[in-house]
Amino acid sequence: MPEKNIKSNYEPKIVAFFCNWCTYTAADLAGVSRLKYAPNVRVIRIMCSGRVDPQFILQAFASGADGVLIGGCHPGDCHYAEGNYKMLRRFRLLKRMLKDLGIADERLRLEWISASEGEKVKLVINEMVEQVKALGPLAIPQHLKNINEELKHFPGEEIREEEMAHA
Amino acid sequence: MSENNIKMNGNGTHKSAGTPKIGFYVCHCGHNIASQVDVEDVQKFAAGLPGVTISRDYKYMCSDPGQELIQKDIKELGLNRIVVASCSPLLHEHTFRKAAEKAGLNPYFFHMVNIRENVSWVHDNRESATKKAKDLTRAAIQRVFFHKPLEKKSVPINPDVLIVGGGIAGITAALTIANAGKHVYLVEREPTIGGHMAMFDKTFPTLDCAACILTPKMSSVKAHPNITLWTYSEVEKVEGFVGNYKVQVKRKPRYVIEELCVGCMECIDACIYKEAKYPDEFNQKLSKRKPIYIPFPQATPQVVLFDPETCIDFKSHRCKKTCIESCDRKAIDLKQVPEYKDINVGTVILSTGFKTYNAELSPQYGYGKYPNVYTSLEIERLVNASGPTSGEIVTRDGIKPKSVGIIHCVGSRDQKAHKWCSKVCCMYSLKLAHLIKEHTDAEVYNFYIDMRTPGKGYEEFYDKLMTEGVHFVRGRVAEVSDWALVPEEENKLTIRVEDTMVGMVRRIPVDMVVLAVGLEPREDAGDMRRLFNISCSNEGWFLERHPKLAPVNTFTDGIFIAGACQGPKDIPDSVAQAGAAAAEVLSLISAGSIELEPNTAFITEDNCSGCKSCIPICPYTAISYNEGTKKAYINEALCKGCGTCVAACPSGSITQNLFDDEEIFSEIDGLLKFAGIELEETEAEHA
Ligand code: FES
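What you see is a predicted model, and the numbers here were worked out from it, not measured in a lab.

K.L.:
Explain the packing of aromatic side chains to me, please; I cannot follow it from the model alone.
P.N.:
Where two aromatic rings form a pair, the distance of their centres and the angle of their planes describe that pair. Residues and elements named next belong to chain B. Per the counting criterion, the structure on display carries 13 aromatic pairs over all chains. Between Phe 306 and Phe 314 the ring centres are 6.4 Å apart and the planes differ by 55°, which places this aromatic pair in the tilted class. Assessed through its relative accessible area of 3%, Phe 306 is described here as buried. With a relative accessible area of 23%, Phe 314 lands in the partly exposed category. When the ring centre of Tyr 232 is taken as reference, the NZ or CZ atom of Lys 252 above it lies at 4.7 Å. For Arg 289, the ring lying beneath its charged end belongs to Tyr 293, and the centroid distance is 4.0 Å.

Structure (structure tokens):
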């Protein structure tokens, strides 16, 4: 690779939560079928998409994920009847919150992928990686660090500390 | 290393048994993993991670020596956590847990990293694949810190079995299980068992008579003391889980009391309709039946039924009811209502079969337009001695055909219909060619794309047909039409085809066209799969757990599949698969119980605020509220371990075994740990 530059070389990290029964199985199928897709997604297996706590998603962003992908069974097909609906509700709420936080819509994605849809795993991952790549790094850990740095030099901080000492 | 341990143990609530001593093993899987992932690099990387006592790579971790390696290390190095990076946990998690257990370690101190299906098989850049494998490894190693020893959960298996679908697969499975002394409920939607096979005249390649081999089996099902046969019935509801399914079966009204009817058919003669008037479904509508009928002479059970759509009494209540008078056993009850049966079974076999492709959807073949274009199933009935013409082959306009064209792959291997090969059509077309020739001495043409005859005695059968003077034309038929270009084509159906052997378009006039329609999933396969909580392939066939290693299992424990509901299949394959499904069922029954994942949830009472938000979320009503303590409580026996309540609990007081918050948080952290730093490094590198 001759002209390496950071922008074009940027490889986003995406954390995925796949339910055991549909999407994880579909990802296995993609493997068995030797479909090739972008290597940016790291999958965490859970039993049902209903297990995805919004905190997992926020934690993933806070720890440096550039995107989070959730994969569950199609509506009506959840192995546990309706966990995916529960997830969907949380997902919608969380989306609103992320918007307020300035986290782009494409960075959080929910997909219904059934056990036979290995091809869809490939398509969704490739598409999402492209989109997140175009957005560039989210780099929340870096931002947090910077904020901490700035706060150190914030005069109010010293005053408060003094006050504390007097109290 | 102790420093690292302090760091790991420092984050809060976890209570692991002693200092973690992790053994990490990465598998080459021959070349499957090693070709795309630098396995040694992963091994070295893991060796440097906190808590790792030993890190090794090995050719085949799942092999006996691979497992022994782990066991030896557990004993000699005192390992208390094991991580294996190899294939999917869905494949070998069980194997490694067992191995750990044998060495005296609680099996749930194990975690598996999927670097084959999720990495080496799907990526082709070795560098990034290796990087991904390392991230996944780090996540798993951080995760096992928080693993806890768990008790195995096992549930008893109710020895009663439900089989849905009474074709040859269902019949075979039912008899096998019943002969082993277990009770079977066989539920069939149609008024008789027998399925498609009962419609056939002969079976390929041996040409033995289908009825002669099938009907004795049908009667043994009826007579078997261990089989409860419910025909004209459908499964309405399924609840529960492996070992203990609660099923509701709806018995549709026949308007005839099954226990009283002896099948004498006096009522059919007595019906005020002197002539049969309504299309007979069993004969593919090639003949007529009365509103009261029996599908075919050997129908099992031998019980008549009413068709309320056509019976005058159901329509106008003004029939003389001569049928009722004629029955001296008082078996007719026109007020019959559906009956609902509730049963408990431990296991289920689905053998709901297939349906044939609707040839009208390929209009170029003229089915439904030209009366002398038939489907193969219609011809099966025509050549059948007990069929509408007693085995005589005549066209719809009453002539004995002098030439017949059989068109293969109708609805199969066709981008506009189904892509798959239906597997049986080549062979049944050959069989029909032989039978038509035998019955009529007509010129028979087979129009085929490829002749597919894999199977015992199949190719030999094809060879035999070649010597019988049957013509074979290789090419996909373009069109069937009644439009004559030359005098020989007048009053005939002309088949236009490109003969790819001679490289020219041919027009072949025939008296009768047979369409070798393909096999497709039943329309309601989707409903069935939801009912039983299993999966379907994209095409709609029921999905097996593993195409090679678990072809009759589904992803739902205790539910098995057999026959053509899983994919196109001929009779020998269906019977073999039915035997396999029966063996799986019997092995569960004789084990008496099955181990379940102990991934249930529980509530830490001290933290529960009694907000009740978890209660409506549970689809299994496993959570209840204790008015006394003002806390929620999870009934472990009802919990199936989806973890939805855990995610919903605002006070974090619910824990799911194996998928605990701290386990997942540490996994997230492990996946991303150096994400920020890496960015800086890249910048530095290129500065
Ligand atoms: S099991 Fe797949 S979403 Fe619930």
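K.L.:
Help me out: how do you make sense of empty space enclosed by the protein in this one?
P.N.:
In this approach a probe as big as a water molecule rolls over the atoms, and the regions it shows empty are the leftover space. One pass over the structure, following the stated rule, counts 6 cavities of 30 Å³ or more. Here the largest cavity is characterised by a volume of approximately 280 Å³. Considering the residues around the largest cavity, the lining is formed by 23 residues, among which Arg 45 of chain A together with Pro 89, His 111, Met 112 and Glu 667 of chain B are closest to the centre. No other element matches the 5 residues that strand E4 (residues 110–114) of chain B contributes to the lining of the largest cavity. Here the lining of the largest cavity is built from residues that sort into 13 nonpolar, 4 polar and 6 charged.

K.L.:
Which parts of the structure should I look at to understand the pattern of salt bridges?
P.N.:
Pairs can form between side chains of opposite charge whenever their charged atoms are close. All names here are of chain B. Considering all chains together, one arrives at 48 salt bridges over all chains under this definition. When the shortest N-O distance is used, the salt bridge between Arg 56 and Asp 73 registers 2.7 Å. Of this pair, Arg 56 sits in strand E2 (residues 52–58) while Asp 73 sits in helix H3 (residues 64–77), and the two are 17 residues apart along the sequence. For Asp 73, a relative accessible area of 2% corresponds to the buried category.

K.L.:
I keep staring at the packing of H3 of chain B against helix H4 (residues 89–102) of chain B and nothing clicks. Help me out?
P.N.:
Each pair of packed helices can be summarised by the angle the axes make with each other and by the distance between the axes. All names here are of chain B. Two elements in contact, H3 and H4, have axes whose closest approach is 9 Å; the angle formed by their N-to-C orientations is 35°. The handedness of the crossing between H3 and H4 is right-handed. From H3, Gln 67, Ile 70, Gln 71 and Ile 74 reach across to H4, where they touch Thr 95, Phe 96, Ala 99, Ala 100 and Lys 102. Residues belonging to the contact of H3 with H4 are distributed by class as follows: 5 nonpolar, 3 polar and 1 charged.

K.L.:
Honestly, the state of the cysteines in this entry has me stumped. Any pointers?
P.N.:
Two cysteines form a disulfide when their sulfur atoms are joined by a covalent bond. Residue and element names in this part refer to chain B. Applying the stated criterion across every chain, the model contains 1 disulfide over all chains. The residue that forms a disulfide with Cys 209 is Cys 212, at a sulfur-sulfur distance of 2.1 Å. Classification of the bridge connecting Cys 209 and Cys 212 rests on its S-S torsion, roughly 95°, and on that basis the disulfide is right-handed. Cys 212 sits in the exposed class, given a relative accessible area of 51%.

K.L.:
How should the interface of chain B and chain A be read in this particular structure?
P.N.:
Size of an interface: often given as the accessible area lost when the parts come together. At the interface, 58 residues of chain B touch 56 residues of chain A. Here chain B meets chain A over a buried area of about 4900 Å², counting both sides, of which 58% is carbon and sulfur. For the pair chain B and chain A, the number of links is 6 salt bridges. In this structure, the salt-bridge partner of Asp 135 of chain B is Lys 13 of chain A, at a minimum N-O distance of 2.9 Å. Here chain B is connected to chain A by 20 residue pairs in polar contact (both at pLDDT 80 or more).

K.L.:
Where do I start with the pairing of strand E1 (residues 14–19) of chain A in this structure?
P.N.:
A regular strand places its side chains so that they alternate between the two faces of the sheet. Residue and element names in this part refer to chain A. Burial of E1 is extensive: 6 of the 6 residues sit out of reach of the surface. Burial along E1 is two-sided: Ile 14, Ala 16 and Phe 18 facing one way and Val 15, Phe 17 and Cys 19 facing the other are all buried. Bridge analysis of E1 against strand E2 (residues 41–46) gives 6 bridges, and the strand direction is parallel. Bridge pairing in E2 links Phe 17 to Ile 44.

K.L.:
What is the right way to look at the side chain of Thr 25 of chain A in this model?
P.N.:
Within the element layout of this structure, Thr 25 of chain A appears in helix H2 (residues 23–32). A polar contact of 2.9 Å, which involves the side chain of Thr 25 of chain A, links it to the backbone oxygen of Asn 20 of chain A. The contact partners of Thr 25 of chain A, leaving out residues within four places of it in the chain, are Asn 20 and Ala 115 of chain A together with Leu 90 and Phe 555 of chain B.

K.L.:
Is there a simple way to explain the environment of Gln 43 of chain B in this structure?
P.N.:
Residue and element names in this part refer to chain B. Looking at where Gln 43 falls in the secondary structure, it is placed in helix H2 (residues 39–47). Classification of Gln 43 as buried rests on a relative accessible area of 16%. Expressed as a C-alpha distance, the spacing of Gln 43 and Val 235, which sit 192 residues apart in the sequence, is 53 Å. The contact partners of Gln 43, leaving out residues within four places of it in the chain, are Phe 24, Val 26, Ser 55, Arg 56 and Asp 57.

K.L.:
Can you help me understand helix H8 (residues 210–223) of chain B in this one?
P.N.:
Across its 14 residues, H8 of chain B extends 20 Å between first and last C-alpha, which sits within 8% of the 20 Å expected from 1.5 Å per residue. Check the buried side of H8 of chain B and you find it contacts helix H7 (168–179), strand E7 (184–187), strand E8 (202–203), strand E9 (208–209) and strand E10 (227–230) of chain B.

K.L.:
What am I meant to see in the side chain of Arg 116 of chain B here?
P.N.:
Residues and elements named next belong to chain B. The residue Arg 116 is located in helix H5 (residues 116–120) in this model. Side-chain polar atoms of Arg 116 contact the side chain of Glu 117, separated by 2.9 Å. The contacts of Arg 116, once residues within four sequence positions are left out, are Cys 29, Asn 32, Ile 33, Ser 86, Cys 87, Leu 91 and Trp 121.

K.L.:
What should I look at first to understand the confidence of the model for chain B in this one?
P.N.:
Caution applies to low-pLDDT parts of the model: their predicted coordinates are not meant to be read in detail. Residues and elements named next belong to chain B. On average, chain B scores 92 in pLDDT, and the residues at 70 or more come to 95%. Across residues 1–16, confidence stays below pLDDT 50; counting only partners more than four residues off in sequence or on other chains, it has 20 contacts. Every residue in residues 675–687 scores below 50 in pLDDT, and together they form 11 contacts with partners more than four places removed in sequence or on other chains. In the predicted assembly, ipTM is 0.89 and pTM is 0.85.

K.L.:
Could you clarify how one ought to interpret the sheet that holds strand E29 (residues 559–561) of chain B in this entry?
P.N.:
Residue and element names in this part refer to chain B. Taken together, 5 strands build an open sheet; the order of strands is E10-E7-E6-E18-E29 and the sheet is parallel. Both outer strands of the open sheet, E10 and E29, are each paired with one neighbouring strand and no more. The sheet shows a mean angle of 20° between the axes of neighbouring strands, taken without regard to direction. In the sheet, E7 pairs with E10 via 4 bridges, with the strands oriented parallel.

Conventions used here
- Residues numbered from 1 in each chain as written.
- Chains lettered and ligands numbered in written order.
- Predicted model: local features only at pLDDT ≥ 70, side-chain atom pairs only at ≥ 80, totals over all residues.
- Heavy atoms only, no water.
- Phe/Tyr/Trp six-rings, centres within 6.5 Å; stacked < 30°, edge-to-face > 60°.
- Buried < 20%, exposed > 50% of the residue type's maximum accessible area, 1.4 Å probe, protein only.
- Lys NZ or Arg CZ within 6 Å of the ring centre and 35° of its normal.
- 1 Å grid on protein atoms, 1.4 Å probe; cavity = no way out; pocket = protein on both sides within 12 Å on 5 of 7 lines; lining within 4 Å.
- Points joined across faces, edges and corners; volume = space filled by probe spheres on them.
- Helix = DSSP H or I, 4+ residues; strand = E, 2+ residues; numbered from the N terminus.
- Nonpolar A, V, L, I, M, F, W, Y, C, P; charged D, E, K, R; others polar.
- Salt bridge = Lys/Arg side-chain N within 4 Å of Asp/Glu carboxyl O.
- Axes fitted to C-alpha atoms, helices over the stretch in contact; angles between N-to-C directions.
- Left-handed = near helix turned anticlockwise from the far one by under 90°.
- Contact = heavy atoms within 4.5 Å.
- Disulfide = S-S within 2.5 Å.
- Buried area = accessible area lost by both parts, 1.4 Å probe.
- Polar contact = N/O pair within 3.5 Å; in protein donor to acceptor, adjacent residues only side chain to side chain.
- Pairing = 2+ DSSP bridges.
- Expected span 1.5 Å × (residues − 1).
- pLDDT = per-residue confidence, 0-100.

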